[in-house]
Amino acid sequence: MSKRQTTPDPKQLTERAPTRRRLLKGAAGVTAAAAFVPAASGLAAAYFPNKLDIDVQPDNADEFIDVDEHDSVEVAVHPVEFLNGDREHETFDPTTETVRYRFGSRSTVEDGAGARPADDGEVREFDGHHGESHEALVLTFPVDDMGFDGGEETAWLYWERSESGEHGYAGMDSVSIYGTTAPNQGLLQVLQQLMAWPMG
């Protein structure tokens, strides 16, 4: 990972034009402003507000994950400014924070599991919509540990503030999952076959 550790201009962070993932993130934030890990997972009352700005497969506009074809998936974590619990402005700069992330389906990361990054990631330059550029951290995650079953439309990234894994921040992005069938779809097919079976 690059040793450059620059703090982005807050004005640049707020001027980035809305994208599909930002609109989805805003809509989801109404009902999922925070994600809690069940106490049964061993991470009692873990709290991860939905604050991170992430982009799954940043070089792939379709943002799809094929669990049969892809061995790994890249996730870009962009710097972001937000109001923290004390209603104060806080900037999360992934290029300067400890690499302590989990990625996958929402149920998987909520249960304290998920894919861990293969390494400390790579800092890359990204172009903004007003001619400015900024640095973001790009992480690579193994597909096998993500827990996708084919029914998801979003992928979640958790950043853990400490080694205890009890607190941190979350981020989500829209995705299309290929290469697997959701369990409920398989069950529906079985029920349809049984109903079509000739009686007599």
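Before going into details, it helps to say that this report is about the structure given with it. Residue numbering note: each chain is counted from 1, following its sequence as written. Per-residue local features of the predicted model are confined to residues with pLDDT of at least 70, and side-chain atom pairs are confined, for both listing and counting, to 80 or more; whole-chain, interface and lining totals are unaffected and use all residues. Side-chain metrics in this entry use all non-hydrogen atoms of the structure; hydrogen atoms and water are not considered.

1. Things to note about the sheet that holds strand β12 (residues 168-174)
Thinking step 1. Across the sheet, which stays open at both edges, the three strands sit in the order β8-β11-β12 with antiparallel pairing between neighbours. What marks the edges here is a single partner per strand, and that holds for β8 (101-104) and β12. Between one strand axis and the next, the sheet turns by 15 degrees as a mean value, whatever way the strands run.
Thinking step 2. Two elements, β8 and strand β11 (residues 154-160), share four bridges in a ladder whose sense is antiparallel. Across the sheet, the residue bridging to G104 is W156, located in β11. Only strands joined by at least two bridges in the DSSP assignment are considered to pair. Every helix listed is a DSSP run of H or I at least four residues long, and every strand listed is a run of E at least two residues long, numbered separately from the N terminus. Throughout, an axis means a line fitted to C-alpha atoms (over the contacting stretch in the case of helices), and angles, computed between N-to-C directions, take values from 0 to 180 degrees.

2. Describing the pattern of salt bridges
Thinking step 1. Salt bridges are defined by distance alone: a side-chain nitrogen of Lys or Arg within 4 Å of a carboxyl oxygen of Asp or Glu. Evaluation of the coordinates by the stated rule reveals six salt bridges.
Thinking step 2. For E160, the salt bridge is made with R116, and the minimal N-O distance between the two is 3.2 Å. Linking E160 in strand β11 with R116 in the loop between α3 (106-110) and β9 (122-127), this pair joins segments that are 44 residues apart in sequence.
Thinking step 3. On the accessibility criterion, E160 (4% relative accessible area) is buried.
Thinking step 4. Accessibility here uses a 1.4 Å probe with only protein chains present; expressed as a share of the type maximum, an area under 20% marks a residue as buried, one over 50% as exposed, and anything in between as partly exposed. A relative accessible area of 38% places R116 in the partly exposed class.
Thinking step 5. The shortest N-O distance in the salt bridge between R124 and E122 comes to 3.3 Å.
Thinking step 6. Judged by its relative accessible area of 41%, E122 is partly exposed.

3. Structural notes on the packing of aromatic side chains
Thinking step 1. Stacked, tilted and edge-to-face pairs are distinguished by plane angle, under 30 degrees for stacked and over 60 for edge-to-face with tilted covering the rest, among Phe, Tyr and Trp rings (Trp via its six-membered ring) whose centres lie within 6.5 Å. Per the stated rule, a full pass over the model turns up eight aromatic pairs.
Thinking step 2. Between F48 and Y158, the aromatic rings sit 4.4 Å apart at their centres with planes inclined by 25 degrees, giving stacked as the arrangement. Separated by 110 residues along the polypeptide, F48 in strand β2 (residues 46-49) and Y158 in strand β11 bring together distant segments of the chain.
Thinking step 3. A residue is classified by how much of its surface remains accessible, and F48, at 1% relative accessible area, is buried.
Thinking step 4. Between the aromatic rings of F82 and Y169, the centroid separation amounts to 5.1 Å while the plane-to-plane angle is 70 degrees, which identifies the pairing as edge-to-face. Pair noted here: F82 is in strand β6 (residues 80-83) and Y169 is in strand β12, with a separation of 87 residues, a long-range link.

4. A short note on unusual backbone geometry
Thinking step 1. At Q57, a position not held by glycine, the phi torsion is positive, near 50 degrees.
Thinking step 2. Residue position: Q57 is located in the loop between β3 (53-56) and β4 (64-66).
Thinking step 3. Accessibility expressed as a relative area gives 12% for Q57, which makes it buried.

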